[in-house]
Amino acid sequence: MTLEDVRETARTEPDSYRSLVALSILALRELDDQIVDTPDFGKGKQIGHSYLMGLEDVPDVLDAWKYEILPLLEEYYFGQFDRIREELFRGSGDRLFHWEMEEIADFTADDLRRTLAKLEGITLAEPETESEED
């Protein structure tokens, strides 16, 4: 699978799990590029894709970001949330972090999906909404 295939999956895949994994792969690649370009980090601090291995569903992907990937970034940046926001998320990431309180937010899969898509400059195909029955 090529990088363009992953982008296409992220953009158009109707299966939310596959789409979120594709977005996660692209986002980790982008974050790793930013980390390598940061003078006090370099290649040794790259995150890599191992955090996405063995995940079986959307809650697994969500948990990987909430409890492994984002806390690792927080550790790398010594809790400097302003640097995380500006250097890694280019001023965005409001759905994943409470910037003022300097903590990781309790975000949803949709929040993650939208944030990763924005980070990658991907316009997502909106999934068909299902009507809720009461």
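Refer to the structure printed above.
First, a word on what this report is: a plain description of the structure on this page. A quick note: this is a predicted structure, and the numbers were derived from the prediction, not measured. (Residues numbered from 1 in each chain as written. Predicted model: local features only at pLDDT ≥ 70, side-chain atom pairs only at ≥ 80, totals over all residues. Heavy atoms only, no water.)

### Considering the environment of Asp 5
Stated precisely, the cut-off is as follows: Every helix listed is a DSSP run of H or I at least four residues long, and every strand listed is a run of E at least two residues long, numbered separately from the N terminus. Burial classification: accessible surface area is computed with a 1.4 Å probe over protein chains only, and a residue below 20% of its type maximum counts as buried, one above 50% as exposed, and the rest as partly exposed.
Checked against the element boundaries, Asp 5 lands in helix α1 (residues 3-12). Accessibility expressed as a relative area gives 37% for Asp 5, which makes it partly exposed. A C-alpha to C-alpha distance of 25 Å links Asp 5 and Lys 43, two positions 38 residues apart in sequence.

### Quick look at α1
For the record, the criterion: For this quantity, the arc is that covered by the directions from the helix axis to the C-beta atoms. Pairs of residues are marked as contacts when any of their non-hydrogen atoms sit within 4.5 Å.
Those residues of α1 that sit buried are Val 6, Thr 9 and Ala 10. Around the axis of α1, the buried residues are gathered within 100° of arc, so they sit on the same side. If you follow the buried residues of α1, they end up packed against α2 (16-37).

### Overview of the nonpolar core
This is how the line gets drawn: Nonpolar cores are built from buried Ala, Val, Leu, Ile, Met, Phe, Trp, Tyr and Cys residues. Side-chain atoms within 4.5 Å join them into one set.
Counting residues in hydrophobic clusters, the biggest one holds 40 residues, and the most contacted among them are Trp 65, Phe 89 and Leu 112. Contributing elements (two or more residues each) for this core: α1, α2, α3 (58-76), α4 (81-88) and α5 (109-120). Among the elements that line this core, the one with the most residues is α3, at 10 residues. Setting aside anything within four residues of it in sequence, one finds Leu 112 in contact with Leu 20, Val 61, Leu 62, Trp 65, Leu 96 and Phe 107.

### So, the packing of aromatic side chains
What counts is decided by this rule: Ring pairs shown here join Phe, Tyr and Trp side chains whose ring centres sit within 6.5 Å, with only the six-membered ring taken for Trp; geometry is labelled stacked below 30 degrees between planes, edge-to-face above 60, and tilted in between. Our definition puts a charge over a ring when NZ of Lys or CZ of Arg is within 6 Å of the ring centre and also within 35 degrees of the ring normal.
Tallying each qualifying case throughout the model produces six aromatic pairs. Ring geometry for Phe 41 versus Tyr 76: centroids 6.0 Å apart, planes at 40°, classification tilted. Remark: Tyr 76 occurs in helix α3 and Phe 41 occurs in the loop between α2 and α3; sequence separation between them is 35 residues. Here Phe 41 and Tyr 76 have matching classes, each one buried. Among the aromatic side chains, those forming a connected cluster through ring pairs are Phe 81, Phe 89, Phe 97 and Trp 99. Seen from the ring of Phe 107, Lys 66 lies directly overhead, with NZ or CZ sitting 5.3 Å from the centre. Between Arg 85 and the ring centre of Trp 99, over which it is positioned, the NZ or CZ distance is 5.2 Å.

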